[in-house]
Amino acid sequence: MLTLVLLLCAACSVSASAKGAAGPRLNNNQLYKFSYTTEVLVDRTRGSKEGSAGYKISSDVDVNLVWRDPSSKDDQLIQLAISNVRIAPASHRSEKKNVLHGSTAESVLGKSKLAALTKPFLLHLKNGKAKAFYSYRAEPAIIKNLKRGLASLLQVQLNTGKAIENDVSGRCAIEYRAVKGQVTRTKNLETCKTAETGFTTHSQVLGVSRKSSSVTTFTLEDGFIRSAVAEETHSLAVNTRRSAGAKVLSRQIFTLVGTEAGPLEAAGKDVAGVVKSIDAKLAAVGIIAEKVKSKCKGCPSLFEHWQTQQKLLEPASLSKATAPRSFLALIQSIRKASKDEILKVLKSASKTSLPQAVDAVTSSQTVASLDAMLEFLNFTDAKGFVLQERFLYACGFASHPNERMLQVLLDISKGKIGSSDIKESVVIIMGALVHRLCQKGGCNLPTVVQVKKLIIDGAGSAQVESEVQMYLLALKNSLLPEAIPVFTKYAESEVGAYSTIALTALQRYDVHLMTDEVKRTVGRVYHQNQRVYEKNVRAAAADVILGSNPSYMEVKNLLLSVGNLPHEMNKYMLSKIQDIIRFQMPASKILQQAMKDMVSHNYDRFAKVGSSSAFSGFMARSADVTSTYSLDILYSGSGIMRRSNMNIYGASKGAMLHGLQVAIEAQGLESLIAATPDEGEKDLESFAGMSALLFDVQLRPVTFFKGYSDLMSKMFSMSGEPMNVVKGLILLTDHSEVIQLQSGLKASAEFQGGLAIDISGGMEISLWYRESKTSVNNRGALVVTGNITVDMDFMRAGVEVSFETEASLDFITTVQFSDYPFLVCMQMDKSTFPVSEYLTKYERVSSGKSVMSHKGKKQLVPGSEFPLHQENSNMCRKVFDSSW
C-alpha cells in the first residue's frame, strides 16, 4: 500500500495550485516579464583551450494571456513580444578577436530583421501543447524560426509521462519527469521528423556517428513557468578516427524577472476570430521550423574555383594530400552548380586534369552533375576509355546512389559501347549499385528489379567466356541472396575462371546464407569427388569451407586431405590452417578440436615442404579501428606463382570493410622452363592477370597477357613498369545533414573523406636467371574534413576538424626456381608517412568582418616491413645472398 501511495505522489501535479492542470496557465490581466538568452557554440568534440566559436542573443520577453476558452482553462492564446535585443560572442573574447566589438543588434541584424524580430507573435497552447503558432508570412524564415524556438519553451506537461509533440525541432517523442515543482523534459532527437533530409555513407566503418541529447528543466510556481533552461548537444565523429569530431551546443535560458498589470483578455468565440481581430496579417505558419536558404556572399563561381584548384589535381600531385583536399572542396562547389557551369569546367580542363575533374563531378551525385557527365561522355567512342571508366568507378563508389544513377548505367549498357572493356565495367558496376540500393531498402525499386533480372539471367544464358565472367562479377558485387544458387552451379564449372569467381563470391556472403547444399557443393570441388580441378580453384573452395562455420567432420576431412594433395597445395593448406589457429579466426576452435585426433594431425602430414604460404597480421590497432592484412601465395610444382592474394580489412564497432584485395593469377607457364604441369592443369592456356576489389567493390580484372604468342611478345617487350589497375580520386566518407536546434537556429554538418589512390601491379619472368617477380604497388593520400556551421544569414560561426596522411604500401614476391624446393621471398613494406590534424574555428558577420583561429599538429609514423612467418624471413636471406 505504501508503494502505491509513493507512486501516486510521484505522478501528481508539480504544484498544488496547478492541480488538474495539463500545462502552464497564465493569469488574466497580468504581464509576465522574462529575460531570454539563446546561445550556440561549435567546437571539436573534446573542446579546446581557446574556447568555442559561437554567439548568443539576449533579449527581454513580455508574455501575456490574450484569450482563454471559457470552457477550458488549459485552452489559451498567448502573446510574446521580444525587445531590447543584444548580440555578443558566446565565449569571452579580447577586443581584437571579437568580431562583434562595437556593433549593435541593428547593425548586425539589419533594421528590417530587427523590426521583424521585435514584432509580437501568438501561440495557441492547449493542454500544454502547441496547437498553432501565429506570425507574419512575409517575415524572413530565420526570424520566424527564432520566434518558434522561444514559443516552444512554453510547451510543457506538468505530469510524468511520455508524449509525441510538435515543436521547432519537428515531431518528436518526449519524456516528462515531474518532481517537486520541477519538470524535466527529455527529447529523443532520433525520433524527430522534419522536412529536411540529409545523406550519409553506407559503410559503417567509413561513416560518421552522431550522439545527441536535449534536456529542458522547468521550474514552476503558481501554475506557470518561473524558469526554463534547455541544453542540446550534437556530437559527430568519423568512425575511423574519433578525434576528428565536432560538436554543436545550443542553450536557452528563460527566466521570469517580474510581473505587472497587463492588458485585458480579448473577447471572442474562438482562436481564429481573436487572432483576426488583433491583426488580420497574422497567420498560422506552423511551429515546426521552416527551411532557410543560405546565400553565399562573395563566393567564387564553380569555374573560378576550378581555376584555383586545377594544378593541385594534376597527376603529379595525386600522391599528395593537397589533391584529395582540393577534390573535396571542388565537390562542395559542384553540388551548388548548374549543369552548364559543370560542363564549362569539364570542357576547359586540361587533358591531364580532366580525369580528376570527372571523378569530382561524378562523386558530387547531384541531378546536374549526372546530366553534365551524360552530355560530356560519348560511350560509342573507344578513345574515351579512360574518362568513361573513371566515371563508372566513381559511380561504383558512390556514397548515396539513387535509382536514376542505376537507370543511367542500364541505358548505357543497352546502347552502343565502343570499348568491350567499358561494356564489362558498366555491368560489373551495376552490380555494385544494386548492392548499395538494397542496403538502403531499395531492393524492390523498378530499376533494381530490372537489373537483378538482367545479371542473374545473363549469368545463366551467356555463352562467351568474357560475358559469363562479366555477369558473375556483377553478381559478386551485388551480394544478392538469390545469386547464391548461380554461384553454387558455377563453382563446379569446368572453366577454372568461372569456378574461382563463384567461390570467391561465396566467401563474401554472411555465414547463415551458406546452406548445406552450398557446403556440399564446395566440398565436392575441394575433394574432387566428380572431377579434377585446378589448384587455385581448390584453394578457393578451402577458403569457403574454413570461413563458413565448418562442422567437425568438414574440418577433419580437410585435415585428412593434407598429404594427398600436390606438393605446393599441401604446403598451402598447412600454412592456411596454422594461420587460422595463430590469428584466432572463427574456425580456430573447431580446427584445434579436430587436430586432437592423431590420424588427422601427425608429423607425416604437418611436415610437408614447399614454398606456398598464408599469413595474416595487424596493420594498425586503435580504439577506433582495427586494420588487418593477409597474404596468401600458391605456387605450381615447377616454382611458378599460381595465385597471389593480398587483402586489407578494416573493422570498427563490429562492422567490417574489405578495403583492398589484389589477386594476381598465372597459369600455363610451365613450358617456358620445360617443367611438367600439375594435375588438372596440363591444357591450360598461358595467362597472367590481376583482379582488384576496392572498398567492397569488385573492379574489372586486368590481363597482363593471354596466349603463348602474347606471352612471348610481352616477355621481350617488358619494361619492368607495373600496369595500372585503378587510379583516381574516391569519395570515401560523405555525410551531410541539417541539425534543427531547439532554439530555432540551424546547424549544417558536412563530413567528407577523400582518397587519391594509385594501385598498380606487374609480373616479370627472367628465363636467364630463372627468376620471377610479382609486385603490387599502392600509393595513396587521404584527407577527412568535418564541418559544423551555424549560419543565421547575418552572422555565421563554424568549426572544421580535419586530418590527412600520405602513404605507400608495396608487396613484392621474388621467386628463384633454379632448384627445388625453390626460393620464395615475400616483402610487404610501408614507407614512413606523415599524419596531420587541424582545427579551424571562425566567426563572421554580414558586413564582412571575420575572426579565424587555426592550429594543427603533425607526426611522422616510421616505415616498416610487415612481419610474415619465420620461414619467409629465412628464404629472403637466401634469395638476397644468392643475388650477390
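The paragraphs below set out a description of the structure included in this document. In every chain, residue numbers begin from 1 and rise along the written sequence. Given that this is a predicted model, residues contribute local features only at a pLDDT of at least 70 and side-chain atom pairs are listed and counted only at 80 or more, while totals for whole chains, interfaces and linings are drawn from all residues. The side-chain numbers reported here are obtained from all heavy atoms of the structure, hydrogens and water having been left aside.

### A short note on the overall build of the chain
Now for step 1: Helix and strand definitions here come from DSSP, where helices need a minimum of 4 consecutive H or I residues and strands a minimum of 2 consecutive E residues; each element is numbered from the N-terminal end. Along the chain, the regular secondary structure elements total 25 helices and 27 strands.
Now for step 2: If one aligns the C-alpha atoms of the chain with their principal axes, the spans along those axes are about 110 × 75 × 50 Å.
Now for step 3: The buried share of the chain, reckoned over its 884 residues, is 56%.
Now for step 4: Pairs at least 24 residues apart make up 69% of the contacts formed inside the chain by residues separated by at least 6 positions.
Now for step 5: For the purpose of charge, His is not counted, nor are the chain termini; Lys and Arg are scored as positive and Asp and Glu as negative. One atom stands in for each charge, and that atom is NZ of Lys, CZ of Arg, CG of Asp or CD of Glu. Averaging the positions of the 103 positive and the 85 negative side-chain charges in the chain gives two centres separated by 6 Å. Only protein chains enter the calculation, and the probe is 1.4 Å; a residue is then buried if its accessible area is under 20% of its type maximum, exposed if over 50%, and partly exposed in between. Throughout, a contact is declared for two residues whenever any of their heavy atoms are within 4.5 Å.

### Let's talk about the pattern of salt bridges
Now for step 1: The salt bridge criterion pairs a side-chain nitrogen of Lys or Arg with a carboxyl oxygen of Asp or Glu, the two atoms within 4 Å. Under the counting rule described, the total for this entry stands at 37 salt bridges.
Now for step 2: Ionic pairing is found between Asp62 and Lys33, a salt bridge with its closest N-O pair at 3.0 Å. One end of the pair, Asp62, is in strand E2 (residues 53-68); the other, Lys33, is in strand E1 (residues 30-44), with 29 residues separating them in the sequence.
Now for step 3: Residue Lys33 is classed as partly exposed on the basis of its relative accessible area of 27%.
Now for step 4: Each member of the salt-bridge network shares a partner with another, and the members are Asp543, Lys576, Asp632 and Arg643.

### A word on the environment of His601
Now for step 1: Structurally, His601 is set in the loop between helix H22 (588-594) and helix H23 (603-606).
Now for step 2: According to the relative accessible area criterion, His601 is partly exposed, its value standing at 27%.
Now for step 3: Taking the C-alpha atoms as reference points, His601 and Lys556, 45 residues apart in sequence, are found 9.3 Å from one another.
Now for step 4: When neighbours within four sequence positions are excluded, His601 is seen to be in contact with Met595 and Phe606.

### Digging into the state of the cysteines
Now for step 1: When the sulfur atoms of two cysteines come within 2.5 Å, that pair is taken as a disulfide. Scanning all chains against the criterion turns up three disulfides.
Now for step 2: Across the disulfide from Cys172 sits Cys192; the S-S distance is 2.1 Å. Of note, the bridge from Cys172 to Cys192 carries an S-S torsion of about 120° and is right-handed in sense. Of the two residues, Cys172 sits in strand E7 (residues 170-179) while Cys192 sits in strand E8 (residues 182-193), which places them 20 residues apart along the sequence.

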